[in-house]
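Observations on the three-dimensional arrangement
The residues making up each chain are set out below.
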Amino acid sequence: MDPLKIDTVKLSPDGSALVIIDQTLLPNRVEYLSLTRTEDIFEAIRSLRVRGAPAIGVAAGFGAYLAAKYAPDEEIEERFYAACDDLAGARPTAVNLFYALNRMKKAMERLSGNVPSAVREGLRAEAQAIMDEDIAISRAIGRHGLALLRPGMGILTHCNAGTLATAKYGTALAPVYAALEAGMEGLRVYCDETRPLLQGARLSAFEMLSAGVDTTLLCDNMASSLMKEGKVDIIFVGCDRVAANGDAANKIGTSAVAILAKHYGIPFYVCAPSSTIDMSLTSGTEIPIEHRAPEEVTELWYEHRMAPEGVKVYNPAFDVTDAELITGIISEHGIAEAPYGPAFRGWGL
Ligand code: MRU
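Residues numbered from 1 in each chain as written. Predicted model: local features only at pLDDT ≥ 70, side-chain atom pairs only at ≥ 80, totals over all residues. Heavy atoms only, no water.

**Description of the sheet that holds strand β5 (residues 188-192)**
Reading across from one edge, β6-β5-β4-β7-β10-β13-β14 is the order of the 7 strands in this open sheet, with mixed pairing throughout. Looking at strand neighbours, the two that pair on one side only are β6 (214-218) and β14 (334-336), the edges of this open sheet. Neighbour-to-neighbour, the strand axes of the sheet open up by a mean angle of 25°, direction not taken into account. Relative to β6, β5 runs parallel, the two sharing 5 bridges. Along β6, the bridge assignment pairs Tyr 190 with Thr 216. Taken strand by strand, helix α9 (residues 254-264) contacts β4 (154-157), β5, β7 (234-237) and β10 (268-271), and its axis lies near 150° from that of β10. (Pairing = 2+ DSSP bridges. Helix = DSSP H or I, 4+ residues; strand = E, 2+ residues; numbered from the N terminus. Axes fitted to C-alpha atoms, helices over the stretch in contact; angles between N-to-C directions. Contact = heavy atoms within 4.5 Å.)

Here is the structure:
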């Protein structure tokens, strides 16, 4: 299956439902869900049926629209704002969720006072614009990243920042799709398994293999060994929120990869839409980090529980990579290098 033919997240053609591929079932089952109710969209985001920072934002945008669509005429605004509040509580780290909901709220401010059909149509158009822009941005990130690639290179990635994490193409894997399109040969992609939720094994490896790429899966603790053997030429990762100084939060384990990359002298790039850059935060210490259920570590994927009852579990879903470990941040505007503050301001942020 061509991964670019997968619709990660979209509005159904008749505009009646959010349609997502259920990522908790991949790679073994390909099933789509049609969701209309805010509580179901909230659940889908929280339980990672739809996941990846940009995809979460797109889903939330459509979720806010659907709340207005199904509200009685006299309650459109009330139900819309309540849905925005609810959806904002689904996950804390990816700023794209709040970016999309803020855009929807601004659209509602502009539309308020119009007849209900015009309000609903305006909200649908705004949510669709968020999705369409995401696709264009991912393609631009792919073009910029492609400039760093040469035939035969080994690319390491962590978690999944591919087409499944965005409306299409992805961020960290977008340069690989761009390379395929350009006919570049011999790329090797290494996917960190990404404990505990296995986005690398289940999603990135699935995507890359399906795209016909030479793909190798490794456990997270094998990355150092792979780098030492000289197999990794460049690292691309995605990102959930970047602070104004360039500190970047991404899936737990990313900062360890960056530290190893520095040790072995391997370039480490963070790929993200500029909307992922949160200029209101001076450094990464201010980025809220989601902590998830202990069972993801002790039980999930195992036939039997694999940890003693009663043990305390540390399960942050994200960590922050210090800006000094990042070779460059690739957005739709190009590749920024340290110092990141001035570079981001040069992008109009
Ligand atoms: O918990 P997840 O699977 O939503 O985490 C996803 C990541 O960490 C991605 O790398 C990030 O959202 C960037 S997606 C283009």
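**Overview of the sheet that holds strand β1 (residues 9-11)**
Taking strand neighbours across the sheet as the criterion, the 3 strands line up as β1-β2-β3 in an open arrangement whose pairing is antiparallel. Edge positions in the sheet fall to β1 and β3 (32-35), since each of these pairs with one other strand and no more. Going across the sheet, the axis of each strand differs from the next one's by a mean of 25°, ignoring polarity. Bridging between strand β2 (residues 18-21) and β3 involves 4 bridges; their strand directions are antiparallel. Bridge pairing in β3 places Ile 20 opposite Leu 33.

**Here we look at the environment of Ile 155**
Tracing the sequence through the fold places Ile 155 in strand β4. What makes Ile 155 buried here is its relative accessible area of 1%. When the C-alpha atoms of Ile 155 and Val 313 are compared, they prove to be 32 Å apart, with 158 residues separating the residues in sequence. Every residue in contact with Ile 155, bar those within four places of it in the chain, is listed here: Leu 149, Val 176, Leu 187, Arg 188, Val 189, Tyr 190, Ile 234 and Phe 236. (Buried < 20%, exposed > 50% of the residue type's maximum accessible area, 1.4 Å probe, protein only.)

**Quick word on the pattern of salt bridges**
Taken as a whole, this structure holds 22 salt bridges when the rule is applied. One salt bridge connects Lys 10 with Asp 7, and the closest N-O pair in it is separated by 3.3 Å. Using a relative accessible area of 27% as the deciding quantity, one classes Asp 7 as partly exposed. In this structure, Asp 40 and Arg 37 form a salt bridge, with 3.0 Å as the shortest nitrogen-oxygen distance. Look at Arg 37 and you get partly exposed, because its relative accessible area is 45%. In this structure, a network of salt bridges that share partners links the residues Arg 91, Glu 290, Arg 292 and Glu 296. (Salt bridge = Lys/Arg side-chain N within 4 Å of Asp/Glu carboxyl O.)

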